[in-house]
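Observations on the model geometry
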Amino acid sequence: MLYRFRIILDAEEDVFRDIEIMSKNTLEDLHNTILQSFGFDGTEMASFYISDDEWNQGEEISQFDVTEGTGSVRLMNETTLDSVVSEAQTKLIYVYDFFSMWTFLVELAEIAEPDPQMDYPNLLFVHGQLPTAAPEKEFQAEEDDLGLDYDDDFDVDDYDDLSFDENWN
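Residues numbered from 1 in each chain as written. Predicted model: local features only at pLDDT ≥ 70, side-chain atom pairs only at ≥ 80, totals over all residues. Heavy atoms only, no water.

**Focus on the environment of Gln-57**
- Within the element layout of this structure, Gln-57 appears in strand S4 (residues 57-62).
- Contact partners of Gln-57, with chain neighbours within four places excluded, come to Tyr-49, Ile-50 and Ile-93. (Helix = DSSP H or I, 4+ residues; strand = E, 2+ residues; numbered from the N terminus. Contact = heavy atoms within 4.5 Å.)

**Brief notes about the sheet that holds strand S2 (residues 16-22)**
- Strand order in the open sheet formed by eight strands is S5-S4-S3-S6-S7-S1-S2-S8, and the pairing between neighbours is mixed. Each edge of the sheet is formed by a strand with only one pairing partner; in this case those strands are strand S5 (74-75) and strand S8 (122-127).
- As judged from the seven bridges shared by strand S1 (residues 2-9) and S2, these two strands associate in the antiparallel manner. Looking at S2, one finds that Ile-8 is bridged to Phe-16.
- Relative to S2, helix H1 (residues 27-38) is tilted by about 145 degrees, and along the sheet it contacts S1, S2, strand S3 (46-51), S4, strand S6 (91-96), strand S7 (102-112) and S8. (Pairing = 2+ DSSP bridges. Axes fitted to C-alpha atoms, helices over the stretch in contact; angles between N-to-C directions.)

**Section: unusual backbone geometry**
- In this structure, Pro-121 follows Tyr-120 across a cis peptide bond, with omega equal to 5 degrees.
- Counting through the fold element by element, Pro-121 comes out in the loop between S7 and S8.
- Of note in this structure, Asp-97 is not a glycine but carries a positive phi near 65 degrees.
- When you line up the elements, Asp-97 lands in the loop between S6 and S7.
- The class for Asp-97 is buried, based on a relative accessible area of 11%.
- The backbone of Met-101 shows a phi angle near 60 degrees, a positive value even though the residue is not glycine.
- On the secondary structure map, Met-101 appears in the loop between S6 and S7. (Buried < 20%, exposed > 50% of the residue type's maximum accessible area, 1.4 Å probe, protein only.)

**What to know about H1**
- Over its twelve residues, H1 runs 16 Å from end to end, which matches the ideal 16 Å to within 8%, given 1.5 Å per residue.
- Within the span of H1, buried status applies to Leu-27, Leu-30, His-31, Thr-33, Ile-34, Leu-35, Ser-37 and Phe-38. (Expected span 1.5 Å × (residues − 1).)

**Some details on the pairing of S2**
- Across the seven residues of S2, six count as buried, placing the element largely inside the fold.
- In sequence, S1 turns back onto S2 through a hairpin of six residues.
- Relative to S8, S2 is paired through five bridges, and the arrangement is antiparallel. Across the sheet, residue Glu-20 finds its bridge partner in S8, namely Asn-122.

**With respect to the nonpolar core**
- Phe-5, Leu-27, Leu-30, Phe-48 and Tyr-94 are the most contacted members of the largest nonpolar core, which has 29 residues in total.
- Only S1, S2, H1, S3, S6 and S7 provide two or more residues apiece to this core.
- At five residues, the largest contribution of residues to this core is made by H1.
- In contact with Leu-27, not counting residues within four places along its chain, are Phe-48, Ile-61, Met-76, Thr-79, Leu-81, Val-84 and Leu-92. (Core = buried A, V, L, I, M, F, W, Y, C linked by side-chain atoms within 4.5 Å.)

Written out as structure tokens, the structure reads:
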């Protein structure tokens, strides 16, 4: 089967690519297709993350095993698209260059029959230009279950009034 994906840069401006790729291709093949379609040189590390419908980041599928044998990790070159993407599971998050954090939302748009006259992967559509730098990310902690405001627990002025011995354990 043929998978048609829309890969959207997680940014304010609309920047996306539509690609076709065979369902038996690996995530490494999809990774390489994304690199080429957005014009990256491919010198930085990347990972895919299985995502739910709310775009929450789930299990990582890594480009390389950096665990040094301490755990099992799924690798892009060993993971076929049809093993992680289906009609029921349509979303992945793709992160390229962990210092810049280029983040893309990858969504399966359609499953179709391949055209025997075509070569795949195939870049179908290009919209928008990639900015010169990755969009800024705002990382926020989730609100705690107790609803406490930790800013009220610490008063800098009170700390200065403590004697030297009280400042140390």
